[in-house]
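# Chains, contacts and geometry: an overview
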Amino acid sequence: MAYEFDFGSVLASWPMLLQGAWTTLVLTFWATLAGFTVGTLCAVARTSGPRWLRLVVGGYVEVVRNTPLLIQAYFLIFGLASIGARLPIMLGVVIAMVVNIGSYTTEVMRAGIESIKRGQIEAAGCLGLSKAQIFLHVVLRPAMERVYPSLVSLYVLLMLGSSVLSAVGVEELFGVSNRVQSLTYRNFEVFIVLGAIYLALTLLLRGSFWVLGQLIFPRRRKLGTAL
Amino acid sequence: MQPLYLLSLLNGMFGTITLSLLTILCGGVAGFVIALARISPLRTVAMAAIAYIQIFQGIPLLVQMGLAYFGPLLLGFDSVPPLAAATLAMSVFASAYLGQIWYGCLISVAKPQWEAAECLGLSRWQRMRRVILPQAVRIATPATVGFLVIIVKNTSVSSMVVGYHELTYNAKVINNATFEPFLYFGLAGLLYFLICYPLSVQSRRLERKFNVGNR
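Rules used in this analysis
- Residues numbered from 1 in each chain as written.
- Chains lettered and ligands numbered in written order.
- Predicted model: local features only at pLDDT ≥ 70, side-chain atom pairs only at ≥ 80, totals over all residues.
- Heavy atoms only, no water.
- Contact = heavy atoms within 4.5 Å.
- Buried area = accessible area lost by both parts, 1.4 Å probe.
- Salt bridge = Lys/Arg side-chain N within 4 Å of Asp/Glu carboxyl O.
- Polar contact = N/O pair within 3.5 Å; in protein donor to acceptor, adjacent residues only side chain to side chain.
- Helix = DSSP H or I, 4+ residues; strand = E, 2+ residues; numbered from the N terminus.
- Nonpolar A, V, L, I, M, F, W, Y, C, P; charged D, E, K, R; others polar.
- Core = buried A, V, L, I, M, F, W, Y, C linked by side-chain atoms within 4.5 Å.
- Buried < 20%, exposed > 50% of the residue type's maximum accessible area, 1.4 Å probe, protein only.
- Lys, Arg positive; Asp, Glu negative; His and termini not counted.

Contact residues are listed per partner, giving 37 residues for chain B and 36 residues for chain A. At the boundary of chain B with chain A, total buried surface from both sides reaches about 3,100 Å², with 79% on carbon and sulfur atoms. The interface formed by chain B and chain A contains one salt bridge. The partner of B:Arg204 in a salt bridge is A:Glu62, and the shortest N-O contact between them spans 3.1 Å. In this structure, the connection of chain B to chain A is made through five residue pairs in polar contact (both at pLDDT 80 or more). Put simply, the parts of the chain that give the side of chain B that touches chain A at least two residues each are α2 (43–58), α3 (61–74), α6 (124–154), α7 (167–178) and α8 (181–210) of chain B. Of the residues forming the side of chain B that touches chain A, the biggest block, twelve residues, is contributed by α8(B). Of the residues contributing to the side of chain B that touches chain A, the split by class is 23 nonpolar, eleven polar and three charged.

If you want it as structure tokens, here you go:
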């Protein structure tokens, strides 16, 4: 076999790859932030909302969790374009990602909220905490602390999954790599480099979430135990 | 809406199901090997399994598709059929996740079961086959059925790099001709839903059924 690897010409396009990696991170950041908010609201609606709202949220979760992200993105982005709503591509992609990740977050957060013992809430009520205080300090935060590892895995998978959105024309890391391939004709090397960058992004994301977890859950930091 | 388009979507669905079944088969076998390697007493083997899982869970499926498509060309193959490349990439992807899931199930079989089997003088393989696996399979079934949903959904990217024609690809081609995205992507989504939803329901039902002890 006489194949000579040539990473040089691929790595020469590092500014493009860097730009792409940055776009991937930006997309992931906004989708995570908005997706977590949407998912938490839906989880609250699903655990303590009125019956019709629970059904609506349940339907949303089931539909999104049982169809691929790519179909959702095509449906939303091309669909909205066909009725005349031409969004900027970045916005459209973030909306598709939020719709997608929101449903997974809902299920994870719901599991967390349901794991809070009834007695805790009653005790907080007896101590004179207001409804809002109970929800924020006794239900939401411990729930989030409990499911934090699952949430982190979800958002790392979201970052990896965002690569398929190059199909709708957003220039994130995978989209950029198509251009690098046509510039260099070094397909295999491009994919090796791409894999390495994605691995680095995965580690970066996991590291950042670890630091974030240390910051927002001081109890865990001080005691060093799981909840 | 023309019947021709509907037929094309169903044809794509056939491609999706074919690839999913192949992935379950090959990825399942590979995933089982990974899970066994992960609990191997040989440190090097266990470390290799950990590295495999970390690497392939840390890069997107699309990149694995690219490696599976262009890799064999370097080894001297003239061309790789799209289905073969897609199956290879999907199997590697699935085996990394299934290996991790099944590893968790194997070690969650109570420790005394392992020790008792050893005390009875069973060989490693006998212990695995007669004591550990029957219990681990019970624990593993709900999560495994749940993972099938992920496999089916992830086949949707296999037209992007390797050019395998499945449901999403056919829907996109039809949409390019008709420009009725809500209709055709909606239908494609519905077809995915028809495959995945029963699996999700089954996974949840099994979980409730097997989790009697923890209720």
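Our focus in this paragraph is the nonpolar core. If you look at the biggest cluster of nonpolar residues, it comprises 115 residues, and the most contacted ones within it are A:Tyr198 and B:Met65. With 16 residues, the single largest contributor to this core is helix α7 (residues 131–161) of chain A. Once you skip the residues sitting within four places of it in the chain, B:Met65 turns out to touch B:Ala86, B:Ala89, B:Met90, B:Val157, B:Ser158, B:Val161 and B:Val162.

Turning to the pattern of salt bridges, a few remarks are in order. Two side chains that carry opposite charge are able to pair once their charged atoms sit near each other. Residues and elements named next belong to chain A. Scanning the model with the defined rule gives nine salt bridges over all chains in all. Between Glu 122 and Arg 118 there is a salt bridge, with the nearest N and O atoms lying 3.6 Å from each other. Taken together, the residues Glu 122 and Arg 118, both in helix α6 (residues 118–126) and four residues apart, mark about one turn of the helix. Taking relative accessible area as the criterion, Glu 122 reaches 44% and is therefore assigned partly exposed. As a salt-bridge pair, Arg 179 and Glu 171 come within 2.6 Å of each other at their nearest N and O atoms. Looking at Arg 179, the relative accessible area reads 41%, which means it is partly exposed. One connected set of salt bridges, linked through shared partners, spans Arg 46, Glu 107, Arg 110 and Glu 114.

Further remarks concern the side chain of A:Glu172. All names here are of chain A. Within the element layout of this structure, Glu 172 appears in the loop between α7 and α8 (173–184). For the buried Glu 172, no salt bridge is present, and the opposite-charge side chain at shortest range is Arg 179, 10 Å distant. Reaching out from Glu 172, the side chain makes a polar contact with the backbone nitrogen of Gly 175 at a distance of 2.8 Å. Apart from residues no more than four positions distant in its own chain, Glu 172 is found in contact with Gly 20, Thr 23, Thr 24, Leu 27, Ser 162, Ser 163, Ser 166 and Tyr 198.

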